[in-house]
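Remarks on the overall topology
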Amino acid sequence: MPAGVCGCCGPLRPRYKRLVDNIFPEDPKDGLSKSDMEKLTFYAVSAPEKLDRIGAYLADRLSRDVVRHRYGYVVIAMEALDQLLMACHSQSIKPFVESFLHMVAKLLESREPDLQVLGTNSFVKFANIEEDTPSYHRRYDFFVSQFSAMCHSTHEDPETRTRIRVAGIKGLQGVVRKTVNDELQAIIWEPQHMDKLIPSMLFNMQDADDLDRAHMWRRLGEFGRKVLDQSWRVARVRCTCAQHLPVFTHQHLRLEVGHPSTPSGTGQDGEENPAVLAENCFRELLGRAAYGNMKNAVRPVLVHLDHHHLWDPNEFAVSCFRIIMYSIQAQHSHHVIQQVLNHLDGHNKSTPRVRAGIVQVLLETVAIAAKGSVGMIQESKGSDVFNFESESPTPHNLWLGPTVLEVFNTLLKHLRMSVDFELGESSRRNSSSSVSSVRGRESDERIVQNAIIQTIGFFGGNLPDYQRAEVMMFIMGKVPVYGTPCHTLDTVKIGHQGTKRIQTMLLSSLIMVTSGFKSKSMSAALPPPFLDPLFSISLMEDSELRQLVLEILHNIIDRHDNRAKLRGIRIIPNVAALKIKREKISKQDVAFMKKHGQQLYRHVYLGCKEEDNVHKNFELLFTTLAILTIELANEEVVIDLIRLSIALQEMTLNNEENMPMSIRCGIMALVAAYLNFLSQMIANPPFCQHVSKVVELRTLDAPYLLPEHIFRDKCPLPESLDKDDRQLYFQTADMAECLAGPGYNVERLSIPYIPQVTVLYTVGKIIHRCKQTSRDRLTRRKSFVDTISLQVDIMSSSLPDKSELAEEITFETLKKAIDTTGVEEQEREKRRQVMEKFQKAPFEEIAAHCESKANMLHDRLAQIFELTIRPPPSPSGVVSISAGHTQHPSVPVYEMKFPDLCVY
């Protein structure tokens, strides 16, 4: 009978199917039957080999219910699957997981938002389960693609769109937690997956509709961002399980920072905010990235910023890389910076604002990496609030090997390119009608250059001292200096203006690098390869460059931060009130001054007499002399500095170089201010009285010789300086009498100071003069007559006298030529005298003797360089007369008649 047959079919069905059917009520609104679910769970735990069949049967029922739109039963089926998944942890769970993932995929493929959210929640629960054994065959490619698509949902309803995006972000977070810790799932770090994961998170982080998040970040400011970044770093280190990683929400930040109220629009749970959830997922992903995966993790960020044009403005880009630098492990920081540098190389032809945005992002990453951390966070006992400790003064040593110089080399290359672009636009501006657009591009290039300089200075300023010294040498090697054999940057194409721009920017970056630099020994801080080109920059006859050089010297020499107390050139009435910090000079510094002291004095001496000096130049020169006195002066150096001051005074009074009266008065004021400072520093009462007496007389009779008057606007200047009025000037004899006593060798005061001008100085001056002449040849061309006369004079002076050539040859002459005994004795006596002179003679006498020989070489070099700039002979046929000889008209080359043997 049919009825009997149907009646006996039910009991013949497998038990697992009957248990599964019993959990579904007749009305889906009644929900899952708990008693029947407990029976099914007990059966699954008791017979784990049946799990795969239970999963397959549940998957079949769920597929039918999805097709028939019976969503109530779909929810019951997923709830049952979740409970079975959480209860069973045996080896047989692997086939069951495949059925479970198949059902989740079915839900995600549905177009119903509720089913997509339901499937995502089930997948997240599955992701938080730690499996005993890894899976060799399971792949998550479909889930990465599907969750990424959900993150970009464009549903019409805003609330539904937010729910789908939140579900997609949670799903991606589940994929990350399930795969990144599994060595067999390293495929998740491959580019095809990272290109979906990273942009999906960034898309939600930058969502323009989420204005509340941006408003909150503005209100939190820098401190709030530090709290979030540091809290995440501490929590990431402490938590070992993936599911225990915290989610920091707006409310966490509000409680930690102490805001009185939550910003508008953030009353909902922070996890339902796609931007906040995406940021937390982004941090978690980067925190799990190993060294080999950094490239695949950072590259999609750069590509996303390119595609969405987020470099200008670059607030979001800076925020992203701040998150990256605080989330990754500290030893991987240099890899991120290398990625940004390579990206900057790829944008060398982009607009200036784009390049400036990338450089500013690089500055942010360098700032975090160079310091290691903004401040260590210490957790308060008994609370969840993190407190900042004081910032460590010594940065972490994160930069080893060639990475440091590679960063600077790339930045300097882009600095040079920016100068080329700016000069190219400037040259086109002369022939272009749209002047405003060209000027705008020039200002944009200035933004790029300033950003590069800030990056160079900030990065170099936070390096350890031993690496900072190498960076200083590296940057100085890039500065073009006239008179040196070579320099790295080719200045032929960029011209004088471009060279000066590069010099100014590189020296500005050196100021930032040397800021805060404290070296125990001056010989280590100022080695000759660094000191020589630094002083040679003063040959450029540019007041701005000389100011930068002096500021660099101040940063290096001033090891006790006394510059602020010495700011401004003035007559200081009481130096003791300044409370200047000072230590006894070391033996290494004494040796440094013996070796390089004359070079420092020469730099000050030559820098004072430049005609384009302004008030700031004299202020910096005064500070330089004062810092030398504080840091490097012993009794011998004090005498040398007094001799230098007297030499400056004598140079001003003699005025052999026809200096302007304002410069002469400025030098006299500088000497007065410095001798007043020096007399109080060495605490010599007679010396102080002598200086005070001269200052008082100047105040009454010659106020223009004091810094308080000469550097004021519209200060009346005298027509000349009276050398005979000795009371207005510092006298060497009086100062020698004041310093007479133990410790000071006052005899050396009577020896006038003569600067030792080096060959490099002469060559640099000549080359600079030649370049100026070549630029102004139309107005300042030397006449052909003067050039020829100079050539004739050199030739005539080099020829021997005819009377010497016509010497009479006699028997006595031949006898003297054969007998060499007397000649050998003369040679020995001459050598003895030379050795005795160099052993016993004072240093000044030896220097003057060597200088007399060097001057001859300098004169010859000057004559040679003057010949090199003479204009070519004019084919106009003009006859000129020089040195009493008639010069025939020059003939063009194409009209010259050459011999037949020379023509072929």
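Our subject is the structure listed above.
As a starting point, this report considers the structure included with it. (Residues numbered from 1 in each chain as written. Predicted model: local features only at pLDDT ≥ 70, side-chain atom pairs only at ≥ 80, totals over all residues. Heavy atoms only, no water.)

Scanning the protein chain from N- to C-terminus turns up 38 helices and four strands. Here the protein chain holds 904 residues, and the buried ones make up 50% of them. In the protein chain, the share of contacts with a sequence separation of at least 24, taken over all contacts with a separation of at least 6, comes to 76%. Carbon and sulfur atoms provide 54% of the accessible area of the protein chain, an area that totals close to 45800 Å². (Helix = DSSP H or I, 4+ residues; strand = E, 2+ residues; numbered from the N terminus. Buried < 20%, exposed > 50% of the residue type's maximum accessible area, 1.4 Å probe, protein only. Contact = heavy atoms within 4.5 Å. Areas by Shrake-Rupley, 256 points an atom, 1.4 Å probe, with all protein chains shown as cover.)

The subject of this paragraph is the packing of helix 7 (residues 113–127) against helix 8 (residues 141–151). In contact at an axis separation of 12 Å, helix 7 and helix 8 are set at 130 degrees when each is read in the N-to-C sense. Between helix 7 and helix 8, the angle is such that the two are oblique. Relative to helix 8, helix 7 is oriented so that their crossing is left-handed. Along its contact with helix 7, which presents Q116, T120 and F123, the element helix 8 presents F143, F147 and M150. Residue composition of the contact of helix 7 with helix 8, grouped by class: four nonpolar, two polar and no charged. (Axes fitted to C-alpha atoms, helices over the stretch in contact; angles between N-to-C directions. Parallel < 35°, antiparallel > 145°, perpendicular 65-115°, else oblique. Left-handed = near helix turned anticlockwise from the far one by under 90°. Nonpolar A, V, L, I, M, F, W, Y, C, P; charged D, E, K, R; others polar.)

Attention now moves to the environment of M472. With respect to the element layout, M472 can be found in helix 20 (residues 465–478). Expressed as a C-alpha distance, the spacing of M472 and I511, which sit 39 residues apart in the sequence, is 9.7 Å. Other than its neighbours up to four places away in sequence, M472 contacts L510, V513, T514, F517, A525, F530 and I556.

What follows is about the side chain of S645. Here S645 shows up in helix 27 (residues 635–654). Discounting residues that sit within four places of it in the chain, S645 has contacts with V671, Y674 and L675.

In this structure, F282, F321, F677 and F687 are the most contacted members of the largest nonpolar core, which totals 226 residues. The dominant element in this core, judged by the number of residues it contributes, is helix 28 (residues 661–681), at 15 residues. Once residues within four sequence positions are removed from consideration, F677 is found in contact with L566, I572, V575, I580, F622, A626, T629 and I630. (Core = buried A, V, L, I, M, F, W, Y, C linked by side-chain atoms within 4.5 Å.)

The final tally for this structure, using the stated rule, is 23 salt bridges. In this structure, E445 and R355 form a salt bridge, with 2.7 Å as the shortest nitrogen-oxygen distance. One end of the pair, E445, is in helix 19 (residues 435–461); the other, R355, is in helix 17 (residues 352–371), with 90 residues separating them in the sequence. One exposure class covers both E445 and R355, and it is buried. The residue D640 makes a salt bridge to R643 at a minimum N-O spacing of 3.4 Å. One end of the pair, D640, and the other, R643, are both in helix 27, three residues apart, so they sit about a helical turn from each other. Residues joined in a network through salt bridges with shared partners are R177, E284 and R288. (Salt bridge = Lys/Arg side-chain N within 4 Å of Asp/Glu carboxyl O.)

Bringing the state of the cysteines into the picture now. Scanning all chains against the criterion turns up zero disulfides. Here C688 stays free of any disulfide, with the sulfur of C738 as its closest cysteine sulfur at 9.2 Å. (Disulfide = S-S within 2.5 Å.)

Counted by the stated rule, this structure contains 13 aromatic pairs. Their ring planes at 50 degrees and their centres at 5.6 Å tell us that F100 and F126 sit as a pair that is tilted. Of the two residues, F100 is situated in helix 6 (residues 93–109) and F126 in helix 7; the sequence distance between them amounts to 26 residues. Judged by its relative accessible area of 2%, F126 falls in the buried class. Between Y605 and Y753, the aromatic rings sit 5.8 Å apart at their centres with planes inclined by 65 degrees, giving edge-to-face as the arrangement. Highlighted residues: Y605 in helix 25 (residues 587–608) and Y753 in the loop between helix 31 (732–739) and helix 32 (759–775), separated in sequence by 148 residues. (Phe/Tyr/Trp six-rings, centres within 6.5 Å; stacked < 30°, edge-to-face > 60°.)

This next bit is on the packing of helix 24 (residues 543–557) against helix 26 (residues 615–632). At a minimum axis separation of 10 Å, helix 24 and helix 26 run at an interaxial angle of 20 degrees. By the angle between their axes, helix 24 is roughly parallel relative to helix 26. For the element pair helix 24 and helix 26, the recorded crossing hand is left-handed. Contacts from S543, R546, Q547, L550, E551, H554 and I557 in helix 24 reach K616, N617, L620, L621, T623, T624, I627, L628, E631 and L632 in helix 26. Residue classes in the contact of helix 24 with helix 26 are distributed as seven nonpolar, six polar and four charged.

Turning our attention to the environment of T629. In this fold, T629 is placed in helix 26. Residue classification places T629 among the buried positions, given a relative accessible area of 1%. Through-space distance from the C-alpha of T629 to that of L641 is 8.3 Å; in sequence the pair is 12 residues apart.

Time to look at the environment of R70. Position of R70 relative to the elements: it lies in the loop between helix 4 (51–67) and helix 5 (71–87). By relative accessible area, R70 is classed as partly exposed at 35%. A sequence separation of 42 residues divides R70 from P28, and the C-alpha atoms of the two residues are 8.7 Å apart.

Moving on, we get to helix 5. Taking 1.5 Å per residue as the helical rise, helix 5 with its 17 residues ought to reach 24 Å, and the 25 Å between its terminal C-alpha atoms agrees with that figure. All of the buried residues along helix 5 are Y73, V74, I76, A77, M78, A80, L81, D82, L84 and L85. (Expected span 1.5 Å × (residues − 1).)

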